Structures are given as C-alpha cells and as structure tokens.
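# Per-entry structural report
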Amino acid sequence: SRVYLNGRFLPLAEACVPVLDRGFLFGDGIYEVIPAYGGHLFRLTAHLDRLDASLAAVRIGNPHDRATWRALLQELVATAGPGDHSVYLQVTRGADVKRDHAFPAADVKPTVFAMTHPLRAPEPARLETGASARLMADTRWARCDIKAITLLPNVLLRQAALDAGDDEAILVRDGAVLEGSASSLFIVADGMLSTPPKGPALLPGVTRDLVLELAQRHGLPWAERAISETDLRRADEIWLTSSTREVMAVTRLDGQPVGDGRPGPVWRRMAEWYQDCKAALRAG
Ligand code: PLP
C-alpha cells in the first residue's frame, strides 16, 4: 500500500522528510486519525472540522481545501485495498533552513503526510471483558483541545498504565477527570450518561460527539458536566471512546471492579447503536 507525502502517492520506504522538519525538531504539527469502513471514511466532515480547528489554533495555514482533502484521503483509502482501515494524517509547519523556535519564513510549506493501517474492530470477547483503567495525574499542557503531534505526556501516561497492568490511563486535573490518554470519557450514573464539557483541557472527540448524538436520537438522558474523581469511582458504568477503539466499557478502575465488573446495560445499547451507524455507512 502507498502513503501520501506532499502531493505524491509513494511506497512507505520512499517517503522521506528532511531532518529540519519542524515536526521532527519541535513536534510542531497536528494530526487526525479517521476510520474507513469498507472504503467509506467515517465522520469525515467532523474530522476535517477538527483539522481546521487544530491548524487555526497553531497558526498553520490549511494546505488543502475540503475537496482536495476528501479526494486525497479517498484515494489513499482506495489504494489501501478492501476491508477497514484507519487513516493517519499529519501536517507540520514544514522544514526550515535552520533550527529556530520562531516561525519560518512565509515561503516554507507545511509538510503533509498521510498513511493507512488495517483497522480491526475490537474483538467481541475483548468488548465483553472490557478495559482496565488507572487514574493518573494529567501531566499534559494547557491546550489539550489541539490535536497536536506533541504527545510525549500521552505516551508516558499510556506506558505507565500498561506497566501497571492496565489498558488506559484516565487523567485527573484539579479533582476533575477529563479523558483517557488517547480516548474520551463517559460515565453512567442513575441512568444518566455524562461526559466532561469541551474546553482547553480535553480533545473534542469525534466519537464523543457521535455518542452524544446517538444518546439524543435514542432518548437516553445525557449531560455535559464536570466529573469528579468521586463521581467516577461511584459510577455504574465507565466508557472510553475513540475512533479506532469505538465504545469500550471500563470494567476495572485502579484494580477495583466497576459496577459488577462487567460491561453494563447502557454500554450494550450504545455499542449496538454505534455498530448500526457503521453498518449504515457501509450500506452507503
Ligand atoms: N482524547 C485524546 C487525548 C485522544 O488522543 C483521542 C483520540 O486518539 C480521543 C480523545 C478520542 O478522539 P476521537 O473520538 O476523535 O478519536
């Protein structure tokens, strides 16, 4: 399969970026991850909206218009072959002539890179077991709403969770639980689905918005509200969501069972609504 780099489709081994690229030197860039089911990009408009927002926040001019993005991502997915894929795309501020924190001259073009990976939906057995999570202090910066490639804290937090024998870190800041190291967070308490409100402290998840849309459509009560550590520990259900891991129930938190230690009934309904959405996309 081929990757996309600066206007060309080429084999991965031939895709090279200069060492002075600001993505390499400073992590000066942003990214997106978009699932494609049976050749159809899922929630593409929402991902391109977030791409616009991330680029604007870091003051990188969008190198492509909407139609160009759609065409190139569609072509990339088509060349990846049948089946499901996730598309990774990243835009950096480009390669300067020297290392300097200040923005480069206006004629330096952003570097645009995109690739696909085969995407396997979580195994049914895995979904039934659920994930284990661990609360950790949020060591990230103050603009977690930007999907920046600068992911060192997320990498360290995820690895710390794995080293502790858990699947994901749930991040706490000033007593509020915000999201996972690479996922959005939901709780169910007294039949009410809740997720923290958008703001600079967390990434506006595309899957998060879809889950709220599905709750609305199916009459499940939901709210965007601050969630405390105590709320989390008392919740009947905890879910983590992302484009590649979909809606995953957390069945253990800090080594303790969540609810009865199995994915809950509200999760089961949401997981089904989510699969219906994917099926509708495949059906065209
Ligand atoms: N929060 C963080 C920090 C993430 O990195 C991600 C995705 O990787 C998410 C939330 C979920 O976002 P989405 O549903 O758009 O994949």
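None of these values were measured; they are calculated from a predicted model. (Residues numbered from 1 in each chain as written. Predicted model: local features only at pLDDT ≥ 70, side-chain atom pairs only at ≥ 80, totals over all residues.)

## A few points about the overall build of the chain
What counts is decided by this rule: The secondary structure listing takes helices from DSSP runs of H or I that are at least 4 residues long and strands from runs of E that are at least 2 residues long, numbered from the N terminus. This radius of gyration counts C-alpha atoms alone. The globule rule is 2.2 Å times how many residues there are, raised to the power 0.38. Field definition: a residue is buried when 20 or more other C-beta atoms are found within 10 Å of its C-beta, exposed when 12 or fewer are, and partly exposed for counts in between, with C-beta atoms placed from the backbone. Distance between backbone-placed C-beta atoms decides contact: two residues are in contact if it is within 7 Å.
Counting its secondary structure elements, the chain contains eight helices and 16 strands. In terms of C-alpha radius of gyration, the chain reaches 19 Å, essentially the compact-globule figure of 19 Å for 284 residues. Along the three orthogonal principal directions, the C-alpha set of the chain runs to about 55 × 45 × 30 Å. Per-residue burial over the chain gives 36% buried out of 284 residues. Sequence separation of at least 24 residues holds for 70% of the intrachain contacts in the chain that already meet a minimum separation of 6.

## As for the site of the ligand
In plain terms, the rule: Being near a molecule or strand means, for a residue, that its C-beta atom, positioned from the backbone, comes within 6 Å of it. Residues were grouped as follows: Ala, Val, Leu, Ile, Met, Phe, Trp, Tyr, Cys and Pro as nonpolar; Asp, Glu, Lys and Arg as charged; and all remaining residues, including Gly, as polar.
The local shell around the ligand holds 13 residues, among which Leu203, Gly205, Val206, Thr207 and Ser243 are the closest. Listed by contribution, the elements that provide at least two residues to the shell around the ligand are strand E10 (183–189), helix H6 (206–217) and strand E14 (237–242). In terms of residues, the shell around the ligand owes the most to one element, H6, which gives three residues. By residue class, the composition of the shell around the ligand is four nonpolar, seven polar and two charged.

## A closer look at the domain arrangement of the chain
Inclusion rule: Each domain's extent was defined by an automatic or database domain assignment.
Here the domain parsing of the chain yields domain 1 (2–118) and domain 2 (124–282). In this complex, domain 1 contributes 22 residues to the contact, which on the side of domain 2 involves 14 residues. Secondary-structure elements contributing two or more residues to the side of domain 1 that touches domain 2 are strand E3 (29–37), helix H2 (44–58) and strand E5 (85–92). Among the elements that line the side of domain 1 that touches domain 2, the one with the most residues is E3, at eight residues.

## Comments concerning the nonpolar core
Put simply, the rule reads: Joined through C-beta atoms within 7 Å, a set of buried Ala, Val, Leu, Ile, Met, Phe, Trp, Tyr and Cys residues constitutes a nonpolar core.
Judged by nonpolar contacts, the single largest core of 36 residues is most densely connected at Ile187, Val211, Ile238, Trp239 and Val250. By residue number, the principal contributor to this core is H6, which donates five residues. Valine 211 has contacts with Phe186, Thr241, Val247 and Met270, leaving out every residue within four places of it along the chain. Counting 17 residues, the second-largest nonpolar core is a separate cluster that includes Val3, Leu76, Val77 and Ala114.

## Quick notes on the pairing of strand E1 (residues 2–5)
Short version of the rule: Criterion used throughout: strands pair if DSSP finds at least two bridges between them.
Two strands pair when backbone bridges link them, and E1 and strand E2 (residues 8–11) are joined in this way by four bridges, in the antiparallel orientation. The partner of tyrosine 4 across the bridge, within E2, is phenylalanine 9. Following E1, the chain reverses through two residues before pairing antiparallel with E2; asparagine 6 in that reversal takes a positive phi of roughly 45°. Here two bridges tie E1 to strand E6 (residues 111–118), and the two strands are oriented antiparallel to one another. Counted as the bridge partner of leucine 5 is phenylalanine 113 from E6.

## Quick look at the pairing of strand E11 (residues 192–195)
Rule in force here: Classification remark: right-handed applies to a crossover when, strands pointing away from the viewer, the course from the first strand over the helix to the second runs clockwise.
Only one face of E11 is buried: it carries Leu193 and Thr195, and the other face, with Met192 and Ser194, is open. Connecting E10 to the next strand, E11, in antiparallel fashion are two residues, including aspartate 190 with a positive phi near 50°. Viewed along the sheet, the connection from E11 through H6 into strand E12 (residues 222–224) turns out right-handed.

## Describing the packing of H6 against helix H8 (residues 265–282)
Short version of the rule: Only C-alpha atoms enter the line fits that serve as axes; for helices the fit covers just the stretch in contact. Angles between N-to-C directions range over 0 to 180 degrees. Just so you know how the angles are binned, under 35 degrees is roughly parallel, over 145 roughly antiparallel, 65 to 115 roughly perpendicular, and the rest oblique.
For the pair H6 and H8, interaxial distance at closest approach is 10 Å and the crossing angle is 105°. With respect to H8, the axis of H6 lies roughly perpendicular. From H6, Leu210, Val211 and Leu214 reach across to H8, where they touch Met270, Trp273, Tyr274 and Cys277. By residue class, the composition of the contact of H6 with H8 is seven nonpolar, no polar and no charged.

## Observations regarding H6
Rules: The length a helix should cover is 1.5 Å for every residue beyond the first.
The terminal C-alpha atoms of H6, which comprises twelve residues, lie 16 Å apart, in line with the 16 Å expected from a rise of 1.5 Å per residue. Along H6, the positions that sit buried rather than exposed are Val206, Thr207, Arg208, Leu210, Val211, Leu214 and Ala215. Of the residues one or two after H6, glycine 219 is the one with positive phi, at around 75°.

## Considerations on the sheet that holds E2
Across the sheet, which stays open at both edges, the six strands sit in the order E2-E1-E6-E5-E3-E4 with antiparallel pairing between neighbours. Of all the strands in the sheet, the pair left with one neighbour each is E2 and strand E4 (40–41). The pairing of E5 with E6 spans eight bridges and is antiparallel. Residue pairing across strands places valine 91 opposite valine 112, the latter belonging to E6.

## A closer look at the environment of glycine 29
With respect to the element layout, glycine 29 can be found in strand E3. Here the alpha-carbon distance between glycine 29 and aspartate 209, two residues 180 residues apart in the chain, equals 24 Å. With residues up to four places along the chain from it excluded, the contact list for glycine 29 reads Arg22, Gly23, Gln90, Val91, Thr92, Arg93 and Ile149.

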